[in-house]
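Spelled out, the chains give:
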Amino acid sequence: VEPMNPSQDLIRAQERLQNATEERMKSIEVQFLRPQMRDAYSCMSRCCDSKDADIEPCLRNCSSAMERSQGTVQNEANALNHRIQQRIAVCENQAKDMLPFNTQPTDSQMREAQTVFENCAIKAMDDSH
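I will try to describe carefully the structure that is included in this document. Because the structure is a prediction, the values reported are computed rather than measured.

Rules of the game
Residues numbered from 1 in each chain as written. Predicted model: local features only at pLDDT ≥ 70, side-chain atom pairs only at ≥ 80, totals over all residues. Heavy atoms only, no water. Helix = DSSP H or I, 4+ residues; strand = E, 2+ residues; numbered from the N terminus. Rg over C-alpha atoms; globule rule 2.2 N^0.38 Å. Buried < 20%, exposed > 50% of the residue type's maximum accessible area, 1.4 Å probe, protein only. Expected span 1.5 Å × (residues − 1). Bend = angle between axes of the 7 residues up to and from the residue. Contact = heavy atoms within 4.5 Å. Core = buried A, V, L, I, M, F, W, Y, C linked by side-chain atoms within 4.5 Å. Axes fitted to C-alpha atoms, helices over the stretch in contact; angles between N-to-C directions. Parallel < 35°, antiparallel > 145°, perpendicular 65-115°, else oblique. Left-handed = near helix turned anticlockwise from the far one by under 90°. Nonpolar A, V, L, I, M, F, W, Y, C, P; charged D, E, K, R; others polar. Disulfide = S-S within 2.5 Å. Arc of directions from axis to C-beta.

### Concerning the overall build of the protein chain
Link 1 in the chain: The number of helices and strands found in the protein chain is three helices and zero strands.
Link 2 in the chain: The order of α-helices and β-strands along the protein chain, N terminus first, is α-α-α.
Link 3 in the chain: The globule rule puts the C-alpha radius of gyration for 129 residues at 14 Å, and the 24 Å found for the protein chain is more than 25% above it.
Link 4 in the chain: The principal-axis extents of the C-alpha atoms in the protein chain amount to approximately 80 × 25 × 20 Å.
Link 5 in the chain: When the 129 residues of the protein chain are sorted by exposure, 24% land in the buried category.

The structure is reproduced here in structure tokens:
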């Protein structure tokens, strides 16, 4: 039995999730990260105006809040991706559990398992944004 291609509904759910994620990331960047970047670069510019021989501590201090925020955003994006992957893995397991263990599944069994997987995966992706 050949593996089945994903349905258009599943492909559209993936696209919706990707678009929602991109929009969310763009919004976070514009609303939160860019103002912090502006402040950090202004601060670093003032460091360069300093007469101190070693400006590295000043530069690190200026960029630390921005770097922490960028790290937090990245960690949250990674955590969301991990949660989605976990939910999709549950969907895969539900579909696999429907198939016979020690015999070749029929086309009908494969289609039914594929439908269960796709419905579950679509819900997981749609619930994530």
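### A closer look at helix H1 (residues 8–49)
Link 1 in the chain: Taking 1.5 Å per residue, 42 residues should reach 62 Å; H1 reaches 58 Å between its end C-alpha atoms and fits that length.
Link 2 in the chain: Its axis deflected by about 40 degrees at Glu 29, H1 carries its strongest bend there.
Link 3 in the chain: Regarding H1, the residues found buried are Leu 10, Ala 13, Leu 17, Ala 20, Leu 33, Ala 40, Cys 43, Met 44 and Cys 47.
Link 4 in the chain: Where the residues of H1 are buried, they touch helix H2 (56–98) and helix H3 (107–127).

### Brief notes about the nonpolar core
Link 1 in the chain: Residues Leu 10, Ile 84, Ile 88, Phe 117, Ala 121 and Met 125 are the most contacted members of the largest nonpolar core, which totals 13 residues.
Link 2 in the chain: Only H1, H2 and H3 provide two or more residues apiece to this core.
Link 3 in the chain: Beyond its immediate stretch of four places on either side in the chain, Ala 121 contacts Leu 10, Ile 88 and Cys 91.
Link 4 in the chain: Counting seven residues, the second-largest nonpolar core is a separate cluster that includes Ala 40, Cys 43, Cys 62 and Met 66.

### With respect to the packing of H1 against H3
Link 1 in the chain: Contact geometry of H1 with H3 gives a least axis separation of 9 Å together with a crossing angle of 15 degrees. Comparing the axis directions of H1 and H3 gives the class roughly parallel. Helix-helix and strand crossings are classified by hand; for H1 and H3 the assignment is left-handed. The segment H1 lies against H3, with Asp 9, Leu 10, Ala 13, Gln 14, Arg 16 and Leu 17 engaging Phe 117, Glu 118, Ala 121, Ile 122, Met 125 and Asp 126.
Link 2 in the chain: For the contact of H1 with H3, the per-class residue count stands at seven nonpolar, one polar and four charged.

### Focus on the state of the cysteines
Link 1 in the chain: Per the counting criterion, the structure on display carries three disulfides.
Link 2 in the chain: Here Cys 43 engages in a disulfide with Cys 62; their sulfurs sit 1.9 Å apart. With the S-S bond torsion at -60 degrees, the cross-link from Cys 43 to Cys 62 turns out left-handed. Of the two residues, Cys 43 is situated in helix H1 and Cys 62 in helix H2; the sequence distance between them amounts to 19 residues. Of the two residues examined, Cys 43 and Cys 62, each falls in the buried class.
Link 3 in the chain: The connectivity of the disulfide bonds within the protein chain can be written as 1-4, 2-3, 5-6, using the sequence rank of each bonded cysteine.

### Comments concerning H3
Link 1 in the chain: The terminal C-alpha atoms of H3 lie 30 Å apart, and with 21 residues this matches the ideal 30 Å at 1.5 Å per residue to within 8%.
Link 2 in the chain: Taken as a whole, H3 has its buried residues at Met 110, Ala 113, Phe 117, Glu 118, Ala 121, Ile 122, Ala 124 and Met 125. Looking down the long axis of H3, one finds its buried residues gathered within 165 degrees of arc, a one-sided arrangement.
Link 3 in the chain: Turning to H3, the residues buried within the fold contact H1 and H2.

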